[in-house]
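# Tertiary structure, described
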Amino acid sequence: CGRGPGGSRGGGSDTALLGAASVAAGRQPRGPRRDSTVRWSSAAKASAVNINEKASREKILTLESMNPQVKAVEYAVRGPIVLKAGEIEKELRKGIKKPFTEVIKANIGDAHAMGQRPITFLRQVVALCTYPNLLDSPSFPEDAKKRARRILQGCGGNSLGSYTASQGINCIREDVASYIERRDGGVPADPDNIYLTTGASDGISAILKILISGGGKSRTGVMIPIPQYPLYSAAISELDAIQVNYYLDEEKCWALDVNELRRALNEAKAYCNPKVLCIINPGNPTGQVQNRKCIEDVIHFAWEEKLFLLADEVYQDNVYSEGCQFHSFKKILYEMGPEYYNNVELASFHSTSKGYMGECGYRGGYMEVINLHPEIKGQLVKLLSVRLCPPVSGQAAMDIVVNPPVPGEESYAQFIKEKESVLNNLAKKAKLTEDMFNKIPGIHCNPLQGAMYAFPRIFIPSKAIEEAKAHKVAPDLFYCMKLLEETGICVVPGCGFSQREGTHHFRMTILPPVEMLEASHLLLEKVKVFSVKFIEKHA
């Protein structure tokens, strides 16, 4: 039976509906004879019509009435290609025949989903925190138990199930500060400047929220690299800010040129107030690692133009190319002297999701924010308190990233072995992917210096471009959709990351196992066969 508003039965009287139910059950309702029965049935029908009329009334929330900023949000990493991949997986499960037997999801940096093994020590500590009875088990090493006890002592009721302070568990923030000091060669870090977050994305969104203001030409402009990680364009759209694009130089291995920053800034001043500069290092989707000189130039530019710097450094452990090294913006800023270090406002971000850990599902992360105005610090804590606290299991996972086993502890040897195995494997796959792509006609791939992705440039014949236009889709989306439909390989088109006009790319993660990448009948070979056929078909 349908129910109307408030849980009451919609339409006519309860008596009429009960009468209709009695007739349907083959029972004569009490009351007058046959003529009354007909009358009651009519009332029930009228009631049903009334219910249907109410059910089909116009919806309050429609595409026309919804928040236009949310409608403007796009996130290609889980966009139309991925939705299509999900449909194909359902068809395969139903036994529908395809030219392949499985969908290979190379669209997202989800390490464990692609077969990477978790780091044992991290999982041991989180397990102990989750189920403290295991602290009595001889199966767990003492260094893991020590860390678990310390984390639990920072939790209300010694339980991972309690809320924490909005900024995160204090002892974990202390560990993050100690990690930053070790990483940066002794540059001081204050736990009060550390904010634990729900992945790095949560911190980036929070900082952007507090930065964006004004209207018209005074609306905040946010400078982002092109190609960019779609989180930035999505957050900017949601917050109704102004996106200011600066282009990385593909011909110079996606280098960042300060002259390009200056061009973008000066042009943007005509229509907005640019006050935020976002840097992704190592790059996503482009995989470049910035050298020290480049970072110094960027910091000087931000200081000179009074820009708030956001340094997305979640791939800081993922550096593969010889001669490349990760330099944190915080470290270089400090070494440039007090005029810079005491004035440039900088928020830098890290996460459990990337690196050698690959713990995406825990949603652990942190941000360090320096040179923030004291009153704004209070506003930031207030904003973060609205979501109460980041996931506590994610906070525990983040603690192990910044406070791993050290020489002399019983878990150190196994930890180092697992960590180096993951990173060496990623380095091997980065080189393998780059070399293989550069042997495929119509594809060129820059060196994969770091991060977890290849972002090769693809040649798309004019006939295919015209066909894409006829379908009202971008040419590289057309290419990637055909690749998915013919091979089962799911990658993200370059248009989802933005790119220079007239160029086409796709992003593919290097996370699949080496055997899957190099086997003659699997991923990279399939891309090669497809690309050759695609070019021949549309020549």
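This one's a predicted model, so the numbers in the text were calculated from it and none came from an experiment. (Residues numbered from 1 in each chain as written. Predicted model: local features only at pLDDT ≥ 70, side-chain atom pairs only at ≥ 80, totals over all residues. Heavy atoms only, no water.)

## Remarks on the overall build of the protein
Heads up, the rule is: Under the scheme used here, helices are H or I runs from DSSP no shorter than 4 residues and strands are E runs no shorter than 2 residues, and both carry numbers assigned from the N terminus. Only protein chains enter the accessibility calculation, which uses a 1.4 Å probe; a residue whose area is less than 20% of its type maximum is buried, one above 50% is exposed, and one in between is partly exposed. Contact between two residues is taken to exist if any of their heavy atoms lie within 4.5 Å; hydrogens are not considered. Every accessible area reported is derived by Shrake-Rupley at a probe size of 1.4 Å, with residue values counting cover from the shown protein chains alone.
Scanning the protein from terminus to terminus reveals 20 helices and 14 strands. Out of the 539 residues in the protein, the part that is buried amounts to 50%. Restricting to contacts in the protein with at least 6 residues of sequence separation, those with at least 24 account for 70%. Split by element, the accessible area of the protein, about 25,400 Å² in all, is 52% carbon and sulfur.

## Things to note about the sheet that holds strand E3 (residues 220-226)
Put simply, the rule reads: At least two DSSP bridges between two strands are needed for those strands to be called paired. Every angle, taken between N-to-C directions, lies between 0 and 180 degrees, and every axis is a line fitted to C-alpha atoms, over only the stretch in contact when it is a helix.
A sheet is described by the order of its strands in space; here seven strands give the open sequence E2-E8-E7-E6-E5-E3-E4, paired in mixed fashion. With partners counted over all chains shown, the strands left at the sheet margins are strand E2 (194-198) and strand E4 (242-247), one partner each. Along the sheet, successive strands turn relative to each other by an average axial angle of 25°, direction set aside. With four bridges joining them, strand E6 (residues 308-312) and strand E7 (residues 346-351) adopt parallel strand pairing. Within E7, the position partnered with Leu-309 by the bridge is Leu-346. Where helix H10 (residues 258-268) meets the sheet, its contacts fall on E3, E4 and strand E5 (273-280), and the angle it forms with E4 comes to roughly 150°. Along the sheet face, helix H14 (residues 374-385) touches E2 and strand E8 (364-370) and points at about 25° away from the line of E2.

## Let's talk about the pairing of E4
This is how it is decided: With the strands pointing away from the viewer, any crossover whose connection runs clockwise from the first strand over the helix to the second is right-handed.
Pairing geometry for E3 and E4, over six bridges, is parallel. By the bridge assignment for E4, Ile-224 is matched with Asn-245. Of the crossover connections in this fold, the one passing from E3 over helix H9 (residues 230-238) to the parallel E4 is right-handed.

## Considering the packing of H10 against helix H11 (residues 292-305)
Filter applied, for reference: Here is the rule for angles: anything less than 35 degrees is roughly parallel, anything more than 145 is roughly antiparallel, 65 through 115 is roughly perpendicular, and the remaining ranges are oblique. Left-handed describes a crossing in which the near helix is turned anticlockwise from the far one by less than a right angle; the clockwise case is right-handed. Any residue outside Ala, Val, Leu, Ile, Met, Phe, Trp, Tyr, Cys, Pro, Asp, Glu, Lys and Arg is labelled polar, Gly included; the first ten of those are nonpolar and the last four are charged.
One way to put it is that H10 packs onto H11 with a least axis distance of 10 Å and a crossing angle of 25°. In terms of orientation, H10 and H11 fall into the roughly parallel class. The element H10 and its partner H11 pack so that their crossing is right-handed. Residues Val-258, Leu-261, Arg-262 and Leu-265 of H10 lie in contact with H11, whose contacting residues are Asp-297, Val-298, Phe-301, Glu-304 and Glu-305. Here the contact of H10 with H11 is composed, by residue class, of five nonpolar, no polar and four charged.

## Remarks on the sheet that holds strand E14 (residues 506-509)
Pairing is antiparallel across the open sheet formed by three strands, whose spatial order is E10-E14-E13. Whereas interior strands pair on both sides, the edge strands pair on one side only; in this sheet they are strand E10 (453-454) and strand E13 (492-493).

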